[in-house]
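Architecture at a glance
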Amino acid sequence: MKRKKWLRLVATGIMIGVCLLSTACGKEDKTSATPTQSVDQNGWQQGSVVRIGDTQVDYREAMLYLQSTKEEYEAMYGEEIWQYELAEDGSTLGEWVKDQTLEQIIYMKIICNQAEAMGISLDEEDWTNIHEQTLDYMAHFQDSELLLYGIDEDVVKQIYADNALALKVYESVTLNVEVEIPEEEARQRRYQCLNIKNYRVDPMGNRVSLTVLELIEVMDKVDALHEKAKTTSDFYALAFANTEDDTYLDVTLGKGDFPADIEEEVLTMQTGDLKLVKTPTDYYIFYCVSDYEEDATHEKKEELIAIEQEAEFQKLYRKWKQETDVEINEEIWKAIGFETSAQG
């Protein structure tokens with residue numbers, strides 16, 4: 001049968017978007033975990049699951065969040081995961097996912113609740129997009145499927161609207177965060193590298209220290225390759241033919257991308273420089289192809305700015321959360337679970 005298509009709420013920081021997640025399964029009977037409840041569902045459909053400040057989240061909206069999360073996990077790990085025990089106390093993955101989903105709901109609502117005070121609202125274009133997204137989403141369901149969880153157009157529209165509004169709040173906050181990234185923090189260099197190990201690996205995969213004679217042979221090999229590297233017109237070919245580890249064979253990297261014992265040696269290299277770097281386990285011969293990769297440096301700077309902006313937003317969010325009263329209807333929320341039921 002064809003599985004229902006649910007709203008999938010994707011959050012990276014607060015970069016929240018909404019799309020349709022659809023998957024298909026065969027016609028044979030399958031065992032599938034769906035959010036279930038241990039008491040009468042129909043009596044809850046208008047009931048509040050959680051109150052965040054003055055905002056009420058009812059059962060129907062919570063079920064859409066929960067179902068979208070369920071679909072995402074099952075797509076990655078399969079449908080038989082929900083009773084997997086995570087700890088000695090018997091807590092299951094299903095319970096953990098429920099808790100994470102509730103935190104996502106609270107996160108979204110707290111952010112949206114700040115919009116009015118910040119003078120942020122959805123405009124006509126936003127509402128047009130939300131209306132179109134809602135109609136498209138509803139078209140993927142039969143009336144009987146919508147009735148099962150009491151889902152109607154207003155519930156779906158609310159989630160799309162929250163996503164759009166939360167994103168506007170996030171953008172308003174982060175665009176006003178002034179971040180200065182020093183050039184050397186973002187600078188990206190292009191390196192080519194030849195690696196020789198000063199240990200060997202036994203048949204069981206364990207590292208074994210070299211004997212004195214073996215170590216002398218390795219050192220002689222490194223010295224010979226280092227001399228060749230000084231005169232070759234094609235360092236990459238030399239490295240490719242001789243390296244024992246291609247991790248740094250041809251890379252564009254910068255500050256924070258190397259282990260500390262390598263980084264302090266290579267971040268000062270200039271274009272055309274050659275350097276032999278020794279660590280407790282390896283010999284590296286680095287060649288600096290370029291000491292400034294403009295596009296990569298620009299991308300890194302944007303990445304670092306985004307990290308700083310996200311950190312400032314999360315700091316503000318923690319303040320908002322401390323100032324917000326959250327009340328969970330434990331009777332409803334505890335009764336909803338990822339129990340396994342047969343579906344044809």
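All values derive from a computational prediction rather than experimental measurement.

Side note on the overall build of the protein
Counting its regular elements, the protein contains 11 helices and 13 strands. In the protein, which comprises 344 residues, the proportion classed as buried is 43%. Of all intrachain contacts in the protein linking residues separated by at least 6 positions in sequence, the fraction that spans at least 24 positions is 73%. Within the structure as shown, the protein displays about 19000 Å² of accessible surface, and the carbon and sulfur contribution to it stands at 48%.

Digging into helix α7 (residues 212-231)
Taking 1.5 Å as the rise per residue, α7 with 20 residues should run 28 Å; its terminal C-alpha atoms sit 30 Å apart, in good agreement. Listing the buried residues of α7 in full gives V218, V222, L225, H226 and A229. The arc that holds the buried residues of α7, viewed along the axis, is 105 degrees, so those residues lie on one side. Along α7, exposed side chains directed more than 90 degrees from the buried face belong to V212, L213, E217, K228, K230 and T231.

Quick notes on the nonpolar core
In terms of nonpolar packing, the biggest core is built from 44 residues, with I111, F313, Y317 and W320 touching the most fellow members. One finds Y191, I262, L267 and Y284 within the second-largest nonpolar core, a separate group that totals 14 residues.

Notes on a nonpolar patch on the surface
On the surface, Y84, L86 and W96 cluster together into a nonpolar patch covering about 340 Å² of accessible area. Along the chain, the position of Y84 falls in the loop between α1 (59-77) and α2 (93-112).

Some details on the packing of aromatic side chains
The final tally for this structure, using the stated rule, is 15 aromatic pairs. With a centroid separation of 6.1 Å and an interplanar angle of 55 degrees, the aromatic rings of Y73 and W82 are classed as tilted. Taken as a pair, Y73 and W82 share a single burial class, namely buried. Members of the aromatic cluster, each reached through a chain of ring pairs, are Y191, Y248, F258, Y284 and F286. The ring of W333 is capped by K98, whose NZ or CZ atom sits 5.1 Å from the centre of that ring.

Digging into the environment of V57
With respect to the helices, strands and loops of the structure, V57 is situated in strand β5 (residues 55-58). On the basis of relative accessibility, which here comes to 0%, the residue V57 falls in the buried class. Along the chain, V57 and K109 lie 52 residues apart, while their C-alpha atoms are 8.9 Å from each other. Aside from chain neighbours lying at most four places away, what touches V57 is G47, S48, V49, V50, I52, A62, I105 and K109.

Here we look at helix α8 (residues 235-242)
When we look at burial in α8, the residues that qualify are F235, L238 and A239. Take α8 and look down its axis: the buried residues cluster within an arc of 95 degrees, on one side only. The outward face of α8, more than 90 degrees from its buried face, is lined by the exposed residues F240 and A241. The inward-facing, buried residues of α8 contact β6 (188-197), α7, β10 (274-278) and β11 (282-290).

Some details on the pairing of β5
Across four bridges, the pairing between strand β4 (residues 48-52) and β5 is antiparallel. If you follow I52 over to β5, its bridge partner there is T55. The antiparallel hairpin formed by β4 and β5 contains two residues in its connecting segment, where G53 sits at a positive phi of about 65 degrees.

A look at the confidence of the model for the protein
Summing up the model confidence of the protein, the mean pLDDT is 85 and the portion of residues at 70 or higher is 85%. Under a pLDDT of 50 for its full length, residues 1-33 has, in the predicted model, 105 contacts with residues more than four places off or in other chains. Note that pLDDT drops below 50 for residues 340-344; the model gives that stretch 14 contacts with residues more than four away or on any other chain.

Remarks on the sheet that holds β5
Within a sheet, each strand pairs with its neighbour through backbone hydrogen bonds, oriented either parallel or antiparallel. Spatially, β5-β4-β12 is the arrangement adopted by the three strands of the open sheet, whose pairing is antiparallel. The open sheet terminates on both sides in strands that have one partner only, identified here as β5 and β12 (326-328). Neighbouring strand axes in the sheet, compared pairwise and without regard to direction, differ in orientation by 15 degrees on average. Pairing of β4 with β12, which is carried by three bridges, proceeds in the antiparallel orientation. Within the sheet, the bridge partner assigned to I52 lies in β12 and is V326. Across the sheet, α1 lies against β4 and β5, angled at about 70 degrees from β5, the strand it touches most. Contacting β4, β5 and β12, α2 runs over the sheet at an angle of about 45 degrees to β4.

Calculation criteria
Residues numbered from 1 in each chain as written. Predicted model: local features only at pLDDT ≥ 70, side-chain atom pairs only at ≥ 80, totals over all residues. Heavy atoms only, no water. Helix = DSSP H or I, 4+ residues; strand = E, 2+ residues; numbered from the N terminus. Buried < 20%, exposed > 50% of the residue type's maximum accessible area, 1.4 Å probe, protein only. Contact = heavy atoms within 4.5 Å. Areas by Shrake-Rupley, 256 points an atom, 1.4 Å probe, with all protein chains shown as cover. Expected span 1.5 Å × (residues − 1). Arc of directions from axis to C-beta. Core = buried A, V, L, I, M, F, W, Y, C linked by side-chain atoms within 4.5 Å. Patch = residues over 30% accessible without salt bridge, like charges linked within 9 Å, V, L, I, M, F, W, Y side chains within 5 Å. Salt bridge = Lys/Arg side-chain N within 4 Å of Asp/Glu carboxyl O. Phe/Tyr/Trp six-rings, centres within 6.5 Å; stacked < 30°, edge-to-face > 60°. Lys NZ or Arg CZ within 6 Å of the ring centre and 35° of its normal. Pairing = 2+ DSSP bridges. pLDDT = per-residue confidence, 0-100. Axes fitted to C-alpha atoms, helices over the stretch in contact; angles between N-to-C directions.

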